[in-house]
Amino acid sequence: DRIVQRQKAAEKAGTLGYKIARAIGEDSVAGSVIVRSCPLLLQRDLEMPVVLMEMAYLSNIDTATLLGEETYQEQAALCIASAVANSLR
């Protein structure tokens, strides 16, 4: 049943999201981490886990400035890649 498969995927996404958040929270480049659960439009049509990450807010002038720096972009990308890889193990 598609509904059951979507529910299982959403549960897996929640677990995966918490693991990723925990791993990112351990990395100093990311700062504090907040995990929220909400229905995503993608979850209605996909039968696989969906995790949405927001790493920064452009409304924060300090963060917006950092986002323009190549070093910060690389650190953030490595942080995300490492967290996802560790969470999938």
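Residues numbered from 1 in each chain as written. Predicted model: local features only at pLDDT ≥ 70, side-chain atom pairs only at ≥ 80, totals over all residues. Heavy atoms only, no water.

## Some details on the overall build of the protein
From N to C terminus, the protein includes 4 helices and 0 strands. Secondary structure elements in the protein, listed N-terminal to C-terminal, are α-α-α-α. In terms of overall dimensions, the protein has a C-alpha envelope of 45 × 30 × 20 Å along the principal axes. Out of the 89 residues in the protein, the part that is buried amounts to 20%. In the protein, the share of contacts with a sequence separation of at least 24, taken over all contacts with a separation of at least 6, comes to 66%. (Helix = DSSP H or I, 4+ residues; strand = E, 2+ residues; numbered from the N terminus. Buried < 20%, exposed > 50% of the residue type's maximum accessible area, 1.4 Å probe, protein only. Contact = heavy atoms within 4.5 Å.)

## Remarks on helix α4 (residues 70-88)
If you check α4, its first and last C-alpha atoms are 27 Å apart, about what 19 residues at 1.5 Å a residue would give, namely 27 Å. Restricting attention to buried positions, one finds in α4 the residues Tyr72, Ala76, Cys79, Ala83 and Ser87. Burial along α4 is one-sided: seen end-on, the buried residues are contained in an arc of 60 degrees. Exposed residues on α4 whose side chains face more than 90 degrees from its buried face are Glu70, Thr71, Leu78 and Leu88. Check the buried side of α4 and you find it contacts α1 (2-25) and α3 (61-67). (Expected span 1.5 Å × (residues − 1). Arc of directions from axis to C-beta.)

## Here's the deal with the packing of α1 against α4
Between α1 and α4, the least distance of the axes is 8 Å, while the angle of their chain directions is 130 degrees. Judged by the angle between their axes, α1 and α4 are oblique. The element α1 and its partner α4 pack so that their crossing is right-handed. Of the residues in α4, those touching α1 at Leu16, Lys19, Ile20, Ala23 and Ile24 are Cys79, Ala83, Val84, Ser87 and Leu88. (Axes fitted to C-alpha atoms, helices over the stretch in contact; angles between N-to-C directions. Parallel < 35°, antiparallel > 145°, perpendicular 65-115°, else oblique. Left-handed = near helix turned anticlockwise from the far one by under 90°.)

## Examining α1
Its 24 residues place the ends of α1 34 Å apart at the C-alpha level, agreeing with the 34 Å of an ideal helix rising 1.5 Å per residue. Those residues of α1 lying buried are Ala9, Ala13, Leu16, Gly17, Ile20, Ala21 and Ile24. Of the surrounding elements, those touching the buried residues of α1 are α2 (41-45) and α4.

## Notes on the side chain of threonine 63
Tracing the chain through its elements places threonine 63 in helix α3. The class of threonine 63 is buried, set by a relative accessible area of 16%. Leave out the neighbours within four places in its chain, and threonine 63 touches Ala56 and Tyr57.

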